[in-house]
Amino acid sequence: MKEIFGRNGLLARRHPEYEFRKGQFAMAEAVARALEDRRHLLVEAGTGTGKTLAYLIPAIATGRRIVVSTGTKNLQEQLYYKDIPFLQKVLPKSFRATYLKGRSNYVCLKRLELAEDSPLLEGLEDIDHFEEINRWASVTETGDRAELTDLPTNLPFWRHLDARSESCIGSKCEKFENCFITRARQRALESEIIIVNHHLFFADLALRGREWGQVLPDYDAVIFDEAHQIEDVAMQYFGASVSTWQIADLVGDLNRLSLADRESATEILRAGTRVMGLADQFWLNFQGGAGQTGDSKMVLRRSMFFRGRPGESTDVTPAGERYLALRKALDRLIAALKMVGDPPAELEALQRRTDQIKFDLDFIMHLEAADDTFVRWSERRGRGITLQAVPIDASAILSDRLFRETETVVLTSATLTTNGTFDFIRTRLGIEGAVEMVAESNYDYQNQVLLYLPPRMPEPRESGFTAAAATEIISILKASQGRAFVLCTSNAQMTSLRKLVEPEIDFPVFMQGDGSNAGILARFRSTPHAVLFATAGFWQGVDVRGEALSCVIIDKLPFAVPSDPVVAARQNFIDQQGRSSFGEYSVPAAVINLKQGVGRLIRSASDRGVLSILDPRLVTKSYGQQFISSLPACRVTRDIEDVHKFFASH
Ligand code: SF4
């Protein structure tokens, strides 16, 4: 590693902007050691450490097949289009790398062919888009829809054409050889480095050992960048879910099935129509039923649905009756599908989908028998409803399926420690025996950052908080001349603060939701003295270098919303064991969020800026110290004059 990362090493000679960074070198050595000793490693590496090269180079040096999983598309693209080509040019060892996306990004040749004769399309525009996809599918090398830059992101019929695993018939498909998933898998098999995102990684992990759906070939090690996100992603793939779309798509696909056996075809159509009708009744149990609009979440409670085992008729609520009726209709459909003589291969996928819907429905609805390790809720998004059950604590699953099965797992992120330890992430993920290190930052936070904690702020619960916060924001923005993110913990707070602040300042104001996040960010970057009001989407993964972002103002400590079913279930789970969910979960999770928000401010060694946290609990509550000690060591002031001086001096 010294020959590469050293002061006169390979990178110093070949990289135009390379500077020796102690933290980067130490991290590269730690990653190399973990890979060699076949151990797990946790590395916190703040912005500016140069962590991507610090894990890529040791990974490449092993010559083994290693998966690199990231949380954001930006980072994946940086790795694949920037770091990897650079390393392929300068490293003496040649290696191959590939970039895999989730299956739904690729077109399925089989479904595309079936769609040609079926009534999927609704208007002239759809026909144009379909023809464009058809033409492109015959020439593209990758089948990745990102190549079609003019295609609308939310093209309604794409979900009938994509290569999702539940519709795939694998090697029984006559398109298997040319299939883009087969080709992607082949490329991955021939590569030493495979770049994926966390969703693809865990979707694949959940399917390992099954005969279908898997995309990743076997690998020797996994490196997770942005590893603080993996708990939330992983749990989604180790639970169950059923949605209005899933059932409607299944019935739609059944209707499009062409069968030589007329009798079976009629029976399947009849059974499908019945499923659809009873599903509509069933969805009435949840927030007004299917087809209404709006976004909301509701935890499913035992008393609402069903007591007893499926098939028993005791003690069934009206809502439970609807579930039993739908279940019966699904059974009838499964029986009809099994009756088909000489079934085509695609029938197999439809059978599997129907079985899966019934299995997931039972798992979610059979609340009485359910153990307390899953949280179940219904969620309305737009016109659709999803029922979901996810494990409350993913640590045992991750320990079994990931950490015991893979020799080396490296977890890195700018935010893994809280209050100076890895205890939180270690417990949440169930990782044991890992080596731990914090890579030293290359930034001079003492000189680059001023932390301003306004005096005399009311507690966030008090009625005067928003008005006092707005007054503070106005004075800070006047000192910073705009150039700021105001990061809020709720949409309501973001809107109220903007309303109060905008008329009092002379700087251009943007707000999350006024357009796509990428579009707003581009406008923020190109508009001098801009101010952006934002919530969750801008706390992580956003990179604005230089003067355009000189100030980050945070309204409240970012505690997770207790009304979120997953958060509430995690808290209960810990409390029921006689432990303190506030100390063990709420505070450390909020510390990680706060560190992410703070990380937006300093993105290079020459960036400077003011960070202001308006929440007085940072100083009035005993846990406030945990937040302060988790932030980079910088100058702290309670005097707005210092903020003026800070900006005036540069
Ligand atoms: S193998 Fe699966 S994904 Fe590929 S074309 Fe066939 S059905 Fe589609």
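Residues numbered from 1 in each chain as written. Predicted model: local features only at pLDDT ≥ 70, side-chain atom pairs only at ≥ 80, totals over all residues. Heavy atoms only, no water.

Caption draft 1: Region of the structure containing the overall build of the protein chain. If you tally the helices and strands in the protein chain, you get 25 helices and 18 strands. The globule rule puts the C-alpha radius of gyration for 650 residues at 26 Å, and the 27 Å found for the protein chain is close to it. Based on the C-alpha atoms only, the size of the protein chain along its principal axes is roughly 85 × 65 × 55 Å. Among the 650 residues that make up the protein chain, the fraction classed as buried is 54%. Relative to all contacts within the protein chain whose residues are 6 or more apart in sequence, the contacts with residues 24 or more apart total 76%. Entry remark: accessible area of the protein chain is about 29,200 Å², with carbon and sulfur atoms responsible for 48%. Measuring between centres, the 78 positive side-chain charges of the protein chain sit 2 Å from its 84 negative side-chain charges. (Helix = DSSP H or I, 4+ residues; strand = E, 2+ residues; numbered from the N terminus. Rg over C-alpha atoms; globule rule 2.2 N^0.38 Å. Buried < 20%, exposed > 50% of the residue type's maximum accessible area, 1.4 Å probe, protein only. Contact = heavy atoms within 4.5 Å. Areas by Shrake-Rupley, 256 points an atom, 1.4 Å probe, with all protein chains shown as cover. Lys, Arg positive; Asp, Glu negative; His and termini not counted. Charge placed at Lys NZ, Arg CZ, Asp CG, Glu CD.)

Caption draft 2: How the structure looks around the site of the ligand. In the region of the ligand, the neighbouring residues are Arg103, Cys108, Leu109, Lys110, Ala163, Cys168, Ile169, Gly170, Cys173, Lys175, Phe176 and Cys179. Per-class residue counts for the shell around the ligand are 8 nonpolar, 1 polar and 3 charged. (Near = heavy atom within 4 Å. Nonpolar A, V, L, I, M, F, W, Y, C, P; charged D, E, K, R; others polar.)

Caption draft 3: A look at the packing of helix H9 (residues 198–207) against helix H15 (residues 395–403). Orientation of H9 relative to H15, taken along the N-to-C sense of each, is 80°, at an axis distance of 11 Å. The angle between H9 and H15 falls in the class roughly perpendicular. Between H9 and H15, the residues in contact are Phe201, Phe202, Leu205 and Ala206 and Leu398, Arg401 and Leu402, respectively. For the contact of H9 with H15, the class distribution of residues is 6 nonpolar, no polar and 1 charged. (Axes fitted to C-alpha atoms, helices over the stretch in contact; angles between N-to-C directions. Parallel < 35°, antiparallel > 145°, perpendicular 65-115°, else oblique.)

Caption draft 4: Structural context of helix H21 (residues 565–576). Look at H21: 16 Å from first C-alpha to last across 12 residues, which is about the 16 Å you get at 1.5 Å a residue. Of all the residues in H21, the buried ones are Pro565, Val566, Val567, Ala569, Arg570, Gln571 and Ile574. N-capping of H21 is provided by Asp564, with a side-chain oxygen placed 2.9 Å from the backbone N of Val566. The positive-phi residue at the C-terminal boundary of H21 is Gly578, with phi of around 80°. (Expected span 1.5 Å × (residues − 1). Polar contact = N/O pair within 3.5 Å; in protein donor to acceptor, adjacent residues only side chain to side chain.)

Caption draft 5: Examining the domain arrangement of the protein chain more closely. For the protein chain, the assigned domains read domain 1 (2–96 + 191–235 + 394–439), domain 2 (103–178), domain 3 (240–391) and domain 4 (445–648). The interface of domain 1 with domain 3 comprises 4 residues on the first partner and 4 residues on the second. Counting the surface lost from both domain 1 and domain 3, the interface buries some 420 Å², and carbon and sulfur atoms represent 67% of this. If you look at where domain 1 meets domain 3, you find 0 salt bridges. Of the residues contributing to the side of domain 1 that touches domain 3, the split by class is 3 nonpolar, no polar and 1 charged. (Domains from an automatic or database assignment. Buried area = accessible area lost by both parts, 1.4 Å probe. Salt bridge = Lys/Arg side-chain N within 4 Å of Asp/Glu carboxyl O.)

Caption draft 6: Spotlight on the packing of aromatic side chains. All told, the structure shown has 23 aromatic pairs when counted by the stated rule. Each ring, one from Phe201 and one from Phe202, has its centre 5.1 Å from the other, and the planes form 85°; the classification is edge-to-face. Given the relative accessible area of 1%, Phe201 is considered buried. For Phe202, a relative accessible area of 0% puts it in the buried group. An aromatic cluster is present here, built from Phe201, Phe202, Tyr219 and Phe224 joined pairwise through their rings. The ring centre of Trp158 lies 5.1 Å from the NZ or CZ of Arg145, which sits over that ring. Note that Arg608 overlies the ring of Phe646, its terminal NZ or CZ placed 4.0 Å from the centroid. (Phe/Tyr/Trp six-rings, centres within 6.5 Å; stacked < 30°, edge-to-face > 60°. Lys NZ or Arg CZ within 6 Å of the ring centre and 35° of its normal.)

Caption draft 7: Representation of unusual backbone geometry in the model. Despite not being glycine, Arg38 shows a phi value in the positive range, around 55°. Of note in this structure, Asn419 is not a glycine but carries a positive phi near 55°. When you line up the elements, Asn419 lands in the loop between strand E10 (408–413) and helix H16 (423–429).

Caption draft 8: Representation of the packing of helix H11 (residues 244–256) against helix H12 (residues 262–283) within the structure. Where H11 meets H12, the axes come as close as 9 Å, and the angle between the chain directions of the two elements is 165°. In this view, H11 runs roughly antiparallel relative to H12, as classed from their interaxial angle. Every pair of crossing elements has a handedness; the one defined by H11 and H12 is left-handed. Of the residues in H12, those touching H11 at Thr244, Ile247, Ala248, Val251, Leu254 and Asn255 are Ile268, Leu269, Gly272, Val275, Met276, Ala279 and Trp283. (Left-handed = near helix turned anticlockwise from the far one by under 90°.)

Caption draft 9: Structural detail: the sheet that holds strand E14 (residues 509–511). Read across the open sheet, the 7 strands follow the order E14-E15-E13-E16-E17-E12-E18; overall the sheet is parallel. Each edge of the open sheet carries a strand with a single partner, namely E14 and strand E18 (635–637). Between one strand axis and the next, the sheet turns through 20° on average, direction left out of account. Note: strand E12 (residues 449–452) against strand E17 (residues 609–613), 4 bridges, orientation parallel. Bridge pairing in E17 links Leu450 to Val610. Helix H18 (residues 465–480) contacts E12, strand E13 (484–487), strand E15 (531–534), strand E16 (551–554) and E17 of the sheet and is inclined by roughly 175° relative to E16. With respect to the sheet, helix H25 (residues 640–648) is in contact with E12, E16, E17 and E18, its orientation differing from that of E12 by roughly 160°. (Pairing = 2+ DSSP bridges.)

Caption draft 10: Geometry of the environment of Val31. For Val31, the location among the structural elements is in helix H3 (residues 22–37). Spatially, the C-alpha atoms of Val31 and Ile640 are 43 Å apart, while their sequence positions differ by 609 residues. With residues near it in sequence (within four places) discarded, Val31 still touches Leu41, Ala54, Tyr55, Pro58 and Val410.

Caption draft 11: Expanded view of the nonpolar core. Counting 54 residues, the largest nonpolar core has Leu100, Ile133, Phe201, Phe202, Phe224 and Leu411 as the members making the most contacts within it. Shared between two domains, this core holds at least three residues of each, these being domain 1 (2–96 + 191–235 + 394–439) and domain 2 (103–178). Not counting the four nearest positions on each side in its chain, Phe224 is found in contact with Ser69, His198, Phe201, Phe202, Ile230, Leu402, Val409, Val410, Leu411 and Thr412. Counting residues in each nonpolar core, the second largest holds 41 residues, with Ile4, Tyr18, Val31 and Ile57 among its members. (Core = buried A, V, L, I, M, F, W, Y, C linked by side-chain atoms within 4.5 Å.)

Caption draft 12: Representation of the pattern of salt bridges. Scanning the entire structure with this criterion turns up 37 salt bridges. Where Glu584 meets Arg579, a salt bridge forms, and the shortest distance between an N and an O atom there is 2.7 Å. For Glu584, a relative accessible area of 32% gives the class partly exposed. Relative accessible area serves as the criterion here: at 33%, Arg579 is assigned to the partly exposed category. In this structure, a network of salt bridges that share partners links the residues Arg111, Asp162, Arg164, Glu166, Asp253, Arg256 and Arg353.

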